[in-house]
Amino acid sequence: MNSFVALVAVVCMCGQAYGGWTEVWRDDFNGNSLDQNNWKLETGTGQNGWGNGEMEYYTNGQNLQVQNGVLTITARVEDVENSHFTSSRLNSKNAWAYGKFEARARLPKGKNLWPAIWLFPQSNTYGGWYAVI
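Quick caveat, the model's predicted, so the values are computed rather than measured. Each chain carries its own residue numbering, running from 1 in the direction its sequence is written. For this predicted model, a pLDDT threshold of at least 70 governs which residues receive local features, and a threshold of 80 or more governs which side-chain atom pairs are given and counted, while totals over whole chains, interfaces and linings are taken from all residues. Processing note: side-chain calculations cover all non-hydrogen atoms of the structure and skip hydrogens and water entirely.

## Things to note about the overall build of the chain
So, step 1. Regarding its fold elements, the chain presents zero helices and 10 strands.
So, step 2. Of all 133 residues assigned to the chain, the portion counted as buried reaches 30%.
So, step 3. Should any heavy atoms of two residues lie within 4.5 Å, those residues are considered in contact. Across the chain, contacts joining residues at least 24 apart in sequence account for 56% of those joining residues at least 6 apart.
So, step 4. Residue-level accessible areas treat just the shown protein chains as cover; the underlying method is Shrake-Rupley with a 1.4 Å probe. As presented, the chain carries roughly 8,900 Å² of accessible surface, and 48% of it is formed by carbon and sulfur atoms. Secondary structure counts use DSSP, requiring at least four H or I residues in a row for a helix and at least two E residues in a row for a strand, with both numbered from the N terminus. Each residue's exposure class comes from its accessible area (1.4 Å probe, protein chains only) as a fraction of the maximum for that residue type: buried when under 20%, exposed when over 50%, partly exposed otherwise.

Structure follows, in structure tokens:
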């Protein structure tokens, strides 16, 4: 079992390029559940045409836990909808064009793991699966 743990905070700040940043959004993962006002879960598998062909099935929250200021996402070896692994995929409900973004995370490493924190555009302006991969 491998876990991706986001520790303490995900923050978006907007303001001037040098100093004077104003915090406009934050999630410290306080409480005992994911803040549904901040996050949306994506369910399904990349093998069905979205994402980048990931091997896991993304569950509706069964692979995540929020406790003591920590979000833990656990990848599991289990068969769901032609996938041999499960995990969780989160997107923020808010979006920003400019700003300073901060995140703290402890990411696992190992064979066939690809934990990531991405900043995605809201549309496919840049081409299929963001054309940079």
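## A closer look at the pattern of salt bridges
Between side chains of opposite charge, a pair can form when the charged atoms approach closely.
So, step 1. The salt bridge definition used is simple: a Lys or Arg side-chain nitrogen within 4 Å of an Asp or Glu carboxyl oxygen. Tallied over the full model, the rule gives four salt bridges.
So, step 2. Residue arginine 89 pairs with glutamate 42 through a salt bridge whose shortest N-O separation is 2.6 Å. Taken together, the residues span a long stretch of sequence, with arginine 89 in strand E9 (residues 89–92) and glutamate 42 in strand E3 (residues 39–42) at a distance of 47 residues.
So, step 3. Accessibility expressed as a relative area gives 25% for glutamate 42, which makes it partly exposed.

## Some points on the side chain of threonine 86
So, step 1. Residue position: threonine 86 is located in strand E8 (residues 83–87).
So, step 2. A distance of 3.0 Å separates the side chain of threonine 86 from the side chain of asparagine 63, its partner in a polar contact.
So, step 3. Contact partners of threonine 86, with chain neighbours within four places excluded, come to Glu56, Tyr57, Thr59, Asn63, Thr74, Ala75, Arg76, Glu78 and Val80. For the purposes of these results, a polar contact is taken to be a pair of N or O atoms within 3.5 Å, where, inside protein, one atom must be able to donate a hydrogen and its partner to accept one; residues adjacent in sequence count only when each atom of the pair is a side-chain atom.

## As for the packing of aromatic side chains
So, step 1. Aromatic rings from Phe, Tyr and Trp, with only the six-membered ring used for Trp, were paired whenever their centres fell within 6.5 Å, and each pair was classed as stacked if the ring planes differed by under 30 degrees, edge-to-face if by over 60, and tilted otherwise. On inspection of all chains with the given rule, the structure shows four aromatic pairs.
So, step 2. Look at tryptophan 25 and tryptophan 96: their rings are 5.4 Å apart centre to centre, the planes differ by 55 degrees, and that puts the pair in the tilted class. Residue tryptophan 25 is located in strand E2 (residues 21–27), and its partner tryptophan 96 is located in the loop between E9 and strand E10 (100–106); the two are separated by 71 residues in the primary sequence.
So, step 3. Residue classification places tryptophan 96 among the partly exposed positions, given a relative accessible area of 27%.
So, step 4. Geometrically, the ring pair formed by phenylalanine 29 and tryptophan 39 is stacked, given 6.0 Å between the ring centres and 20 degrees between the ring planes. Of this pair, phenylalanine 29 sits in the loop between E2 and E3 while tryptophan 39 sits in strand E3, and the two are 10 residues apart along the sequence. Exposure class is identical for phenylalanine 29 and tryptophan 39. Each is buried.
So, step 5. Taken together through their ring pairs, the aromatic side chains of Trp25, Phe29, Trp39, Trp96 and Phe101 make up a single cluster.

## Quick word on the environment of isoleucine 73
So, step 1. Within the secondary structure layout, isoleucine 73 lies in strand E7 (residues 70–80).
So, step 2. Separated by 11 residues in sequence, isoleucine 73 and glutamine 62 place their C-alpha atoms 9.1 Å apart.

## Some points on a nonpolar patch on the surface
So, step 1. A surface patch of nonpolar side chains, about 310 Å² in accessible area, is lined by Met55, Val77 and Phe85.
So, step 2. Following the sequence through the fold, valine 77 ends up in strand E7.
So, step 3. Looking at valine 77, the relative accessible area reads 73%, which means it is exposed. Residues form patches when they are more than 30% accessible in relative terms and have no salt bridge. Like charges link within 9 Å. Nonpolar side chains (Val, Leu, Ile, Met, Phe, Trp, Tyr) link within 5 Å.

From the geometry alone we can't say anything about function, so treat these as descriptive.
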